[in-house]
Amino acid sequence: IDKPLIVPLSVTVAQPGRHTVAMRFLNNNDARTRKKDRNLYIHYVELQLPEGTRRGLRYAMPTDDSQAAWDTAARTALAPLAKRAYRRLVTTTELDKLVALSRLARQTKKRDEFPAGLRLGLRGLLASSSFLFRPEPDAVSNNPATRALTDYELATRLSYFLWSSMPDDTLLALADQGKLKDPKVLIEQAKRMLKDPRSAALADNFAGQWLQLRKINVVQPDDRTFTEPLRRAMATEPARFFTGIVQEDRSVLEFLDANYTYANEALAKHYGLPGITGEDFRKVPLPAGQRGGLLAMAGVLTLTSNPARTSPVKRGKW
């Protein structure tokens with residue numbers, strides 16, 4: 001307490017994701033006072049990424065203090081961001097507006113105001129309707145007939161359907177080249193995107209709405225064995241099942257009848273499946289004669305029942 005210290009420590013994180021950081025005494029004995037209870041008081045914890053791993057906007061400063069140099073540097077920094085955010089080529093007029101916003105920070109000719117100007121340009125970009133919405137303007141305003149989608153519109157539809165997010169660099173590059181209209185290329189990209197971890201959004205959003213899986217979070221069966229880990233497992237099982245069928249291009253009939261499912265330890269105990277431990281879900285075979293598919297899953301049965309009994313009406317409606 002009398003002499004607080006800043007103690008730097010280096011930690012290697014092998015895998016991405018959530019990690020717990022904890023601090024404590026390994027030895028609770030104080031050798032100086034011979035006390036068997038000493039306490040650690042932590043005023044603050046600061047996490048820093050090593051140099052070279054920071055993610056953010058990289059840009060070049062203006063070459064001089066002139067407005068022309070400012071505009072050139074701002075245009076160079078904002079143009080690729082606008083293309084990514086708008087999911088298409090950016091017009092000269094649109095880019096000029098972003099550069100003009102950045103220029104508002106140019107009160108003096110000090111070069112350290114340039115980062116503040118870029119932040120203003122980014123705020124304008126993120127407030128633009130081209131970023132917030134996915135417009136598909138008609139190619140000919142006075143012709144209400146159907147028209148072919150542009151490559152950028154195809155990239156956007158495909159990306160938001162499979163990933164619930166904007167197109168990546170690969171999709172945008174193919175759109176630049178006008179190749180996405182080729183059915184072979186489009187199918188290849190769909191298969192590539194389905195193998196990407198971001199395709200989990202398809203199960204969370206599409207399957208979650210289609211199969212009404214979101215309701216599992218609010219149901220409350222009158223059963224003491226129904227715990228929060230089991231609830232989460234019940235919601236995860238059909239989503240993983242859906243993702244497996246899509247990614248492996250399996251028969252749609254397996255939604256109604258399959259000899260396997262996906263389970264972790266909590267769900268396996270509920271089903272009486274032996275030899276499964278841990279929180280990670282894995283594909284497991286079902287015992288011979290045990291019905292599989294969505295209709296037999298605990299989550300679906302739970303959300304289509306009353307708290308203390310089954311409900312043929314709810315299940316029939318589902």
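The coordinates are above.
Residues numbered from 1 in each chain as written. Predicted model: local features only at pLDDT ≥ 70, side-chain atom pairs only at ≥ 80, totals over all residues. Heavy atoms only, no water.

Chemist: With reference to specific residues and values, describe the nonpolar core.
Modeler: Counting residues in hydrophobic clusters, the biggest one holds 48 residues, and the most contacted among them are Leu 162, Leu 180, Met 234, Phe 241 and Leu 267. Going through the elements one at a time, α5 (151-162), α6 (169-176), α7 (183-195), α8 (200-210), α9 (228-247), β1 (260-263), α10 (265-271) and α11 (298-303) are the ones with two or more residues in this core. Among the elements that take part in this core, α9 stands out by supplying 7 residues, more than any other. Setting aside residues up to four positions removed in sequence, Leu 267 forms contacts with Leu 230, Ala 233, Met 234, Glu 237, Tyr 262, Phe 281 and Ala 298. (Core = buried A, V, L, I, M, F, W, Y, C linked by side-chain atoms within 4.5 Å. Buried < 20%, exposed > 50% of the residue type's maximum accessible area, 1.4 Å probe, protein only. Helix = DSSP H or I, 4+ residues; strand = E, 2+ residues; numbered from the N terminus. Contact = heavy atoms within 4.5 Å.)

Chemist: So what about the packing of aromatic side chains? Which residues, and what values?
Modeler: What describes a pair of aromatic rings is the distance from one ring centre to the other and the angle between the planes of the rings. Taken as a whole and judged by the stated rule, the model has 11 aromatic pairs. Summarising the aromatic geometry, the rings of Trp 210 and Phe 242 are spaced 6.2 Å apart at their centres and angled 65° between planes, so their arrangement reads as edge-to-face. Here the residue Trp 210 occupies a position in helix α8, and Phe 242 occupies one in helix α9, the gap between them amounting to 32 residues. On the basis of relative accessibility, which here comes to 44%, the residue Trp 210 falls in the partly exposed class. Here a set of aromatic residues connected by ring pairs shows up, and it is made of Phe 161, Phe 206, Trp 210, Phe 241, Phe 242, Phe 255, Tyr 260 and Tyr 262. If you follow Arg 134 out to its NZ or CZ, it ends over the ring of Tyr 160, 4.2 Å from the centre. Over the face of the ring belonging to Trp 163 we find Arg 198, whose NZ or CZ atom lies 3.8 Å from the ring centre. (Phe/Tyr/Trp six-rings, centres within 6.5 Å; stacked < 30°, edge-to-face > 60°. Lys NZ or Arg CZ within 6 Å of the ring centre and 35° of its normal.)

Chemist: I'd like to hear about a nonpolar patch on the surface, residue by residue, with values.
Modeler: Among the surface-exposed residues, Val 21, Met 23, Leu 40, Ile 42, Val 45 and Leu 47 lie close enough to one another that they form a single nonpolar patch of about 570 Å² accessible area. Among the secondary structure elements, Val 45 is positioned in the segment before α1 (67-86). (Patch = residues over 30% accessible without salt bridge, like charges linked within 9 Å, V, L, I, M, F, W, Y side chains within 5 Å. Areas by Shrake-Rupley, 256 points an atom, 1.4 Å probe, with all protein chains shown as cover. Salt bridge = Lys/Arg side-chain N within 4 Å of Asp/Glu carboxyl O.)

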